[in-house]
Amino acid sequence: MFFITLYSQLSFLFIIILVIVILLIIYENLNIRKSKTSDNGLLEPPMPFKIPLIGHLHLLGGYDVPYKAFSELGKKYGNIIKLQLGNVKCVVINDQKNIREALITKGHHFDSRPSFERYARLFSGNKQNSLAFCDWSDVQKTRREMLIMYTFPRAATNKFHNLETIIQNNVQSMVSKICENNVVGIKPMIIQHCGNIFTTHFCSRQFQNTDKEFVDMVNNFDEIFYEVNQGYAADFLPFLMPLHKRNLKRMANMTANIKKFVLERIIGDRFENFDAADEPSDYVESLIQHVKKVKSFDWEMALFALEDIIGGHSAVANFLVKLFAFLLKEPTVQQRIQNEIDNAVGIEGRAIGISDRNKLPYTEATIFEAIRLIASPIVPRVSNQDSSIDGYKIEQDTLIFLNNYDLSMSEKLWDEPKKFLPERFLKNGSLVKPDHFLPFGGGKRSCMGYKMVQLISFGVLSGLLQHYTIEPFETKEYKIPIGSLALPRDPLQIKFTKRAVSL
Ligand code: HEM
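Residues numbered from 1 in each chain as written. Predicted model: local features only at pLDDT ≥ 70, side-chain atom pairs only at ≥ 80, totals over all residues.

K.L.:
Sorry, what's going on with the overall build of the protein here?
P.N.:
Helix and strand counts for the protein come out as 17 helices and eleven strands. On C-alpha atoms alone, the protein measures out to a radius of gyration of 25 Å, which is about the 23 Å that the 2.2 N^0.38 rule sets for 503 residues. With the C-alpha coordinates aligned to their principal axes, the bounding extent of the protein is approximately 90 × 60 × 55 Å. Within the protein, the proportion of its 503 residues that are buried is 37%. For the protein, the proportion of contacts with a sequence separation of at least 24, taken over those separated by at least 6, is 72%. (Helix = DSSP H or I, 4+ residues; strand = E, 2+ residues; numbered from the N terminus. Rg over C-alpha atoms; globule rule 2.2 N^0.38 Å. Buried ≥ 20, exposed ≤ 12 C-beta atoms within 10 Å, placed from the backbone. Contact = placed C-beta atoms within 7 Å.)

Right, here's the structure in full:
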């Protein structure tokens, strides 16, 4: 009898909860219908059916690449779609024309970034310390201007030639390492050398790959890079943050260790010793000079900018690992790159360098093709005012997803988009970049590192293929993760075979 009463009470409770949930769903979705009416000539973007609390988060699950969900939604609802992800109002923008409107024509309406607690914690709890996650401000404008001469070194300048030598020295070091053992775990080798290229170029400091503190620093950066490239439900449902407590603590320890390395091994006594009246010789001195001359730019902010930029090596390194992984399956592409190298400098000629880029369009096209196929997302934007895209209303403080997965992989824009075909970026033997190819975003928040990506990838790729042909070491096929640049700690081993010199 007791159980029957309990059972009927439970069923009653269940029915009440069910009715409340259904009423909530109807209420939420009635609002959607109401809001479809036009306002000042602007239309409300269509919005799929949503669920209380999580909104549309469930629609993003079940895809190997999360942005595929946006392409699927696009087929059903059109190019501009309104979503509610947990407590964050969002809009997805599909199609080249609309993405360009958001990035360029109306770039000044969409120049803020999302406020995810996870990211803020990496920057002392203040996202404005971050180069990529801050909102637009005069400080960000200055930080970008200060970077230009270092991240976009102009051909035929000293900075460019120094960078060429730094890359060649690091390629030489990798070649020696490969000589000792022709099967190499590619990721550790690449992240250490990219780390060294960055610390030498931006900070005039070189480190040995046997230096444990340096190796710890690049590994810490790599883990943080992996972490920030992951999407978590907790970003949209903050009450889930406690579930990430342990992970956040681990990240905090890693950022503290990076800061210690930067202060002790990279800055040392340079702040006290640099005279602000002198010409800065590197990015570290440019930052010190700015802090000494401009009151509103403090040393903490400068240190975060420096760490952010040194951390850019993780992006280049993870990209290069994926590029080499693609080439394992593309012997013909390797052969064509080697032909270009041989025509420019020969197998045993002088070392190939970044000033040879113009002579190797196919090699450059290969780099573009790998970037296209990885299809990493554009860092989301946030609207700083009420605006519109393609006649659809976008409210202030809306998180904007720009679906560049579609731009990179759409069958309407590319022939056989799943295939690795560098020649799609060549026209009459010259490199071309189609307007819809936007892997580095665009406008006032565009990537500050894309030239470094192109130069270092070119230097390392051509430098290693000048001496070696690569093959997979294991018979098991290596699946390259796409939809994000980041790779987890990676076991990929590559077999390097010395090229024969033909007489
Ligand atoms: C293959 C590698 C890389 C890819 C695909 C990539 C892509 C991107 C994208 C899509 C954005 C957002 C652009 C936008 O909102 O319009 C961005 C921002 C940024 N990137 Fe890169 N990036 C790469 C490497 C790098 C490197 C090596 C550096 C540093 C040297 C760097 C520094 C930055 C910075 C500072 C921003 C933020 C700019 C701002 O918000 O004002 N990136 N990147």
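K.L.:
Honestly, the site of the ligand in this entry has me stumped. Any pointers?
P.N.:
In the vicinity of the ligand lie 28 residues, with Gly 312, Ala 315, Gly 441, Cys 447 and Gly 449 positioned nearest. Among the secondary structure elements, those contributing two or more residues to the shell around the ligand are α5 (138–151), α13 (312–328) and α17 (450–467). For the shell around the ligand, the element with the most residues is α13, which contributes four residues. Partitioned by chemical class, the residues of the shell around the ligand number 17 nonpolar, eight polar and three charged. (Near = placed C-beta within 6 Å. Nonpolar A, V, L, I, M, F, W, Y, C, P; charged D, E, K, R; others polar.)

K.L.:
Explain the packing of helix α15 (residues 361–374) against α17 to me, please; I cannot follow it from the model alone.
P.N.:
Pairs of packed helices are described in terms of their axes, by the angle between the two and the distance that separates them. In the contact formed by α15 and α17, the axes pass within 10 Å of each other and the chain directions differ by 115 degrees. In this structure, α15 crosses over α17, and the sense of that crossing is right-handed. The segment α15 lies against α17, with Thr 363, Glu 364 and Ile 367 engaging Gln 454, Ser 457, Phe 458, Leu 461 and Ser 462. (Axes fitted to C-alpha atoms, helices over the stretch in contact; angles between N-to-C directions. Left-handed = near helix turned anticlockwise from the far one by under 90°.)

K.L.:
Explain the sheet that holds strand β10 (residues 468–472) here, please?
P.N.:
To summarise the sheet geometry, strands pair through backbone hydrogen bonds and adopt either a parallel or an antiparallel arrangement. Here three strands make up an open sheet; going across it, the order is β3-β11-β10 and the pairing antiparallel. The two strands at the open ends of the sheet, each matched to only one other strand, are β3 (183–185) and β10. Strand-to-strand twist of the sheet, defined as the mean angle between neighbouring strand axes without regard to direction, takes the value 35 degrees. Pairing of β10 with strand β11 (residues 493–498) involves five bridges; the strand directions are antiparallel. For Ile 470, the partnering residue across the bridge sits in β11 and is Phe 496. Those strands touched by helix α7 (residues 186–203) are β3 and β11, and its axis lies near 65 degrees from that of β3. In the packing of α13 onto the sheet, contacts are made with β10 and β11, and the angle to β10 comes to roughly 80 degrees. (Pairing = 2+ DSSP bridges.)

K.L.:
In this structure, what is going on with the UniProt feature "binding site: heme" (unreviewed entry) in the protein? I would like to understand it.
P.N.:
Using the residue numbers shown here, the UniProt feature "binding site: heme" (unreviewed entry) corresponds to Cys 447. Take Cys 447: it is sitting in the loop between β9 (430–431) and α17. Discounting chain neighbours no more than four positions away, the residues touching Cys 447 are Phe 440 and Gly 441. (UniProt positions renumbered as here; feature names shortened; annotations may be inferred.)

K.L.:
Whenever I open this one, the packing of helix α11 (residues 283–293) against helix α12 (residues 299–310) confuses me. Can you help?
P.N.:
Remark: α11 packs on α12, axes separated minimally by 9 Å, with the N-to-C direction vectors making an angle of 160 degrees. Overall, the two elements α11 and α12 adopt an arrangement that is roughly antiparallel. The element α11 and its partner α12 pack so that their crossing is right-handed. Together, Tyr 283, Val 284, Leu 287, His 290 and Val 291 of α11 and Trp 299, Ala 302, Ala 305, Leu 306 and Ile 309 of α12 make up the contact between the two elements. Here the contact of α11 with α12 is composed, by residue class, of nine nonpolar, one polar and no charged. (Parallel < 35°, antiparallel > 145°, perpendicular 65-115°, else oblique.)

K.L.:
How should the pairing of strand β1 (residues 80–85) be read in this particular structure?
P.N.:
The buried fraction of β1 amounts to six of the six residues, a majority that puts the element mostly inside the structure. Alternating residues of β1 divide into Ile 80, Lys 82 and Gln 84 and Ile 81, Leu 83 and Leu 85, and every residue in both groups is buried. Sheet analysis places β1 next to strand β2 (residues 88–93), joined by six bridges and oriented antiparallel. Following the sheet pairing, Gln 84 is matched in β2 by Lys 89. Between β1 and the antiparallel strand that follows it, β2, lie two residues; Gly 86 among them carries a positive phi value of about 55 degrees.

K.L.:
Hey, could you run me through helix α6 (residues 158–180) in this one?
P.N.:
Quick reminder: α-helices carry 3.6 residues per turn. Residues three or four places apart thus point the same way. The first and last C-alpha atoms of α6 sit 33 Å apart over 23 residues, in line with the 33 Å expected at 1.5 Å per residue. Residues Leu 163, Ile 167, Asn 170, Val 171, Met 174 and Ile 178 constitute the buried set of α6. Considering only its buried residues, α6 is in contact with β3, α7, α17, β10 and β11. (Expected span 1.5 Å × (residues − 1).)

K.L.:
How do you make sense of the sheet that holds strand β4 (residues 381–382) when you look at a structure like this?
P.N.:
Read from one edge to the other, the open sheet built from four strands follows the order β1-β2-β7-β4, with strand pairing classed as mixed. Lying at the two open borders of the sheet, with one neighbouring strand each, are β1 and β4. Examined bridge by bridge, β2 and strand β7 (residues 399–402) share four bridges and lie parallel to one another. Bridge pairing in β7 places Cys 90 opposite Leu 399.

K.L.:
How should the nonpolar core be read in this particular structure?
P.N.:
Of all hydrophobic cores here, the largest spans 113 residues; its most connected members are Val 92, Ile 93, Val 284, Val 316, Leu 320, Phe 324 and Ile 456. Broken down by element, the residue count for this core peaks at ten residues, all from α13. Setting aside residues up to four positions removed in sequence, Phe 324 forms contacts with Ile 186, Ile 470 and Ile 494. (Core = buried A, V, L, I, M, F, W, Y, C linked by C-beta atoms within 7 Å.)

K.L.:
Explain unusual backbone geometry here, please?
P.N.:
Among all residues except glycine, the phi angle is most often negative; among peptide bonds, the trans geometry is most common. Positive phi, close to 50 degrees, is recorded for Ala 375, a residue that is not glycine. If you trace the backbone, Ala 375 turns up in the loop between α15 and β4. For Ala 375, a count of 21 C-beta atoms within 10 Å gives the class buried. Located in the positive-phi region is Glu 416, a residue other than glycine, with phi close to 45 degrees. In this structure, Glu 416 sits in the loop between α16 (404–409) and β8 (426–427).

K.L.:
Would you mind going over the environment of Thr 200 with me for this structure?
P.N.:
Its place among the elements puts Thr 200 in helix α7. Residue classification places Thr 200 among the buried positions, given that 20 C-beta atoms sit within 10 Å. Sequence separation of Thr 200 and Leu 163 is 37 residues, and the distance between their C-alpha atoms is 8.6 Å. Contacts of Thr 200, omitting those with residues within four sequence positions, involve Ile 166, Arg 205 and Gln 206.

K.L.:
So what exactly am I meant to see when it comes to the environment of Gly 78 here?
P.N.:
Tracing the sequence through the fold places Gly 78 in the loop between α2 (68–77) and β1. Here Gly 78 falls in the partly exposed class, since 14 other C-beta atoms lie within 10 Å of it. Linking Gly 78 and Phe 116, residues 38 residues apart in sequence, is a C-alpha distance of 28 Å.

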